[in-house]
Amino acid sequence: MGTEHKAGFENSRMKGSLTIVGLGPGAAGHLSLETLKLLEERFVILRTEIHPTVAELKRRGISYISCDTWYEKGATFEDVYDNISSFVIEQAEDKDVVYAVPGSPLVAERTVVLLRNKAEKFGIPLTVKPAMSFLDLAYVKLGIDPIDGLRIVDAQEFSALADAGRYPLMVTQVYNKMVASDMKLSLMDVLPDETELYFLRNLGLDDEICRKIPLFEIDRQPEIDHLTSVFIPRQPEETLQSMLQNAKDENETAGYWERFPLLKRKTAFDVRPLADVMQVLREPGGCPWDREQDFDTIRANLIEECYEFLEAVDDKDTHGMEEELGDILMQVVFHARMAEEKGMFTLQDVIDGVTDKLIERHPHVFGTVKVANSDEVLTNWEAIKLQEKPERERVLDGIYKGLPSLLRAHKIQKRVAKVGFDWTETDDVKKKVLEEWEEFNEAAARQNQDDMEKELGDLYFSLVNFARHLGLESETALNRCNNRFVTRFEHVEDRVTESGKEWNAYSLEELDRFWDEAKEAEE
């Protein structure tokens with residue numbers, strides 16, 4: 001095919017065009033007649049159908065394709081916008097497409113920027129139509145003039161948020177609490193927590209909101225959705241200089257390291273990559289399973305990971321210990337992330353809290369208190385705990401009822417022993433065990449289920465106390481016993497399988513010999 005014929009073929013194949021319009025800030029009355037005519041006559045693609053004007057499009061019988069599904073497919077928002085713009089360009093290759101975005105296509109609309117570049121690259125005719133933006137309504141509500149240096153940014157443009165307060169700043173796309181939380185944390189690095197901001201939502205609609213709120217409450221607003229923005233007024237120069245000085249002081253003193261020189265440069269690792277991964281998993285476009293979880297649905301996971309770590313310790317499995325500690329840390333980060341999304345606390349709060357607690361409970365290391373031995377350390381520890389928890393008025397307050405029963409029994413006995421409610425001689429505890437054993441046997445002879453259950457509980461409780469007096473922790477002991485049983489039984493199972501016989505072909509004595517083999521192998 002000749003060059004002229006080939007060029008003619010390419011030109012004949014490329015027949016489409018792209019027109020970008022805005023749906024306005026909310027109410028259908030803000031749509032221009034020209035925009036309505038284009039929407040009625042051409043192939044329509046909406047960046048999102050989550051917009052008040054879409055109801056009017058449906059009423060008029062205007063058909064459209066929505067790009068909302070891309071938000072669940074993209075790993076990042078940049079991926080989402082890139083996928084949407086590529087899809088729009090693909091459709092515009094052979095048809096006249098109208099791409100409609102919320103508000104104005106010329107205000108804080110990343111897909112429009114990408115479409116300009118891609119339309120030029122692929123030779124697709126592009127027209128952008130003006131539209132009313134929510135900014136026009138915001139100017140009226142806030143009584144501001146953009147000529148004063150107003151800057152408009154996306155909520156996830158963290159580099160721009162770092163300059164907040166230096167000029168009037170309108171933050172758009174604050175469409176859920178996770179985005180609001182991330183934005184808040186960035187702003188709190190450069191502005192005081194109580195800085196007065198404006199929470200804007202549904203401007204131009206009957207239920208519009210324009211209210212003042214302190215910075216630290218941004219992500220606690222119940223109405224946050226896709227039509228939410230935040231306005232940050234220019235801040236006094238002295239406020240900005242004060243924050244700058246505070247940041248400088250923190251860098252120079254390095255917080256804890258300056259207060260406690262013993263800590264300086266002891267470790268060189270970073271938990272932020274793990275926290276960042278968890279944040280991505282919980283964000284739109286992340287993992288559907290992770291995004292569905294809450295504190296209740298994953299509470300059992302933390303218990304399970306702790307037991308798996310203990311099993312690795314019992315097995316002296318160094319690699320397993322490393323892996324299981326990582327899983328436990330992941331659970332901590334997971335719970336902290338969910339708490340941050342709800343405005344409750346952050347992972348940094350968790351780290352700061354436990355760091356402060358350790359420092360405060362070791363005044364013999366970080367203070368001036370002198371101790372002679374570990375017993376005095378424990379005495380100080382308990383005294384400090386009582387000061388930290390003044391709300392605990394009763395001896396057994398603070399022992400979690402959901403603990404495994406053996407562990408809870410151990411903690412109860414340990415706590416009451418501190419106030420003198422305990423035997424001083426181990427032989428007395430042993431006698432109590434034997435007494436409870438007799439009482440359990442008597443209940444068993446009577447075949448009374450309720451009495452047997454009570455006496456069995458008493459027997460377990462006395463055994464836990466006996467073990468405690470011997471320096472043992474019953475929960476750990478029973479867990480190790482379970483693990484040993486599983487290992488030995490698996491050996492018995494392997495021997496039966498290797499023989500090709502059925503279980504019922506063996507007597508208990510024969511199976512016991514396999515069991516003894518497993519015991520000998522352990523030794």
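It should be noted that the structure appears before, not after, this text.
Now for a look at the structure at hand. These numbers were taken from a predicted model, which means no experiment stands behind them. (Residues numbered from 1 in each chain as written. Predicted model: local features only at pLDDT ≥ 70, side-chain atom pairs only at ≥ 80, totals over all residues. Heavy atoms only, no water.)

Considering the nonpolar core
Put simply, the test is: Residues grouped as a nonpolar core are buried Ala, Val, Leu, Ile, Met, Phe, Trp, Tyr and Cys residues, joined through side-chain atoms within 4.5 Å. Categorising residues by exposure relies on relative accessible area from a 1.4 Å probe, with only protein chains included: less than 20% of the type maximum marks a residue as buried, more than 50% marks it as exposed, and the intermediate range marks it as partly exposed. Labels follow the DSSP assignment, with helices taken as runs of H or I lasting at least four residues and strands as runs of E lasting at least two, numbered in each case from the N terminus. Note on definitions: a residue-residue contact is assigned when non-hydrogen atoms from the two residues lie within 4.5 Å.
By size, the foremost hydrophobic cluster in this structure holds 25 residues, and its most contacted members are L169, V171, M183, L187, I218 and I232. With four residues, helix 9 (residues 177–187) is the single largest residue contributor to this core. The residues touching L169, leaving out its near neighbours within four places in the chain, are L150, R151, V153, L161, A164, V230, F231 and I232.

Re the pairing of strand 2 (residues 43–46)
Formally: Strand pairing is assigned whenever DSSP detects at least two bridges linking the two strands.
When strand 2 meets strand 4 (residues 96–101), the two strands line up parallel, connected through four bridges. Residue pairing in the sheet places L46 in a bridge with A100 of strand 4. Where strand 2 meets strand 3 (residues 65–66), two bridges bridge the pair, whose relative direction is parallel. Bridge pairing links I45 to I65 in strand 3.

Looking at a nonpolar patch on the surface
Formally: Each patch is built from residues lacking any salt bridge and having more than 30% relative accessible area; the joining distance is 9 Å for like charges and 5 Å for nonpolar side chains (Val, Leu, Ile, Met, Phe, Trp, Tyr). Surface accessibility follows the Shrake-Rupley procedure with a 1.4 Å probe radius. Residue values consider only the protein chains on display as shielding. Salt-bridge detection follows one rule: a side-chain nitrogen of Lys or Arg within 4 Å of a carboxyl oxygen of Asp or Glu.
Taken together, the side chains of L329, V332, M344, F345, V350 and I351 define a hydrophobic patch exposed on the protein surface, amounting to about 440 Å² of accessible area. Among the secondary structure elements, those contributing two or more residues to the nonpolar patch are helix 15 (318–341) and helix 16 (347–360). Its place among the elements puts M344 in the loop between helix 15 and helix 16. Overall, the relative accessible area of 47% leaves M344 in the partly exposed class.

Re helix 19 (residues 405–417)
A turn of α-helix holds 3.6 residues, and therefore any two residues three or four places apart point the same way. Here is the rule we go by: Working rule for helices: expected span equals 1.5 Å times residues minus one. Each direction from the helix axis to a C-beta atom contributes to the arc, which is the arc of those directions.
Its 13 residues place the ends of helix 19 18 Å apart at the C-alpha level, agreeing with the 18 Å of an ideal helix rising 1.5 Å per residue. All of the buried residues in helix 19 are L406, A409, H410, I412, Q413 and V416. Seen from one end, helix 19 has its buried residues packed into an arc of 165°, which puts them on one side. Buried residues along helix 19 sit against helix 21 (449–469) and helix 22 (474–499).

A closer look at the packing of helix 22 against helix 23 (residues 508–522)
Packed helices, taken two at a time, are described by the angle between their axes plus the distance between the axes. We count it as follows: Interaxial angle, 0 to 180 degrees, is taken between N-to-C directions of lines fitted to C-alpha atoms, where a helix line uses only the stretch in contact. When describing relative orientation, an angle under 35 degrees is termed roughly parallel and one over 145 degrees roughly antiparallel, while 65 to 115 degrees is termed roughly perpendicular and anything else oblique. Handedness of a crossing is defined here by the sense of rotation of the near helix relative to the far one, left-handed for an anticlockwise turn of less than a right angle and right-handed for a clockwise turn. Each residue gets one label: Ala, Val, Leu, Ile, Met, Phe, Trp, Tyr, Cys and Pro are nonpolar, Asp, Glu, Lys and Arg are charged, and the others, such as Gly, are polar.
Contact pair helix 22 / helix 23: the axes reach a minimum separation of 9 Å and the direction vectors enclose 125°. With respect to helix 23, the element helix 22 is oriented oblique. Helix 23 is crossed by helix 22, and the crossing has right-handed handedness. Packed against helix 22, whose contacting residues are R484, F485, R488, F489, H491, V492, R495 and V496, the element helix 23 presents L511, F514, W515, E517, A518, K519 and E522 at the interface. Of the residues contributing to the contact of helix 22 with helix 23, the split by class is eight nonpolar, one polar and six charged.

Some thoughts on the pattern of salt bridges
For the structure on display, the rule yields 29 salt bridges. For R59, the salt bridge identified is with E56, shortest N-O distance 2.8 Å. Of this pair, R59 and E56 both sit in helix 3 (residues 54–59), separated by three residues, roughly a single helical turn. The exposed category is assigned to R59, whose relative accessible area is 60%. On the basis of relative accessible area, E56 is assigned to the buried category, the value being 19%.

Concerning the pairing of strand 4
In terms of burial, strand 4 is a largely internal element, five of the six residues being buried. Of the strand pairs in this sheet, strand 1 (residues 17–22) and strand 4 are connected by six bridges, and their pairing is parallel. Bridging across to strand 4, S17 finds its partner in D96.

A closer look at the environment of M330
Take M330: it is sitting in helix 15. Excluding residues that lie within four positions of it along the chain, M330 makes contacts with L274 and M278.

Topic: a negative patch on the surface
Selection rule: For the purpose of charge, His is not counted, nor are the chain termini; Lys and Arg are scored as positive and Asp and Glu as negative. A single reference atom marks each charge: NZ on Lys, CZ on Arg, CG on Asp, CD on Glu.
Judged by side-chain charge, E311, D315, D317, E322 and E323 come together as a negatively charged surface patch. Of note, E311 is situated in helix 14 (residues 299–314).

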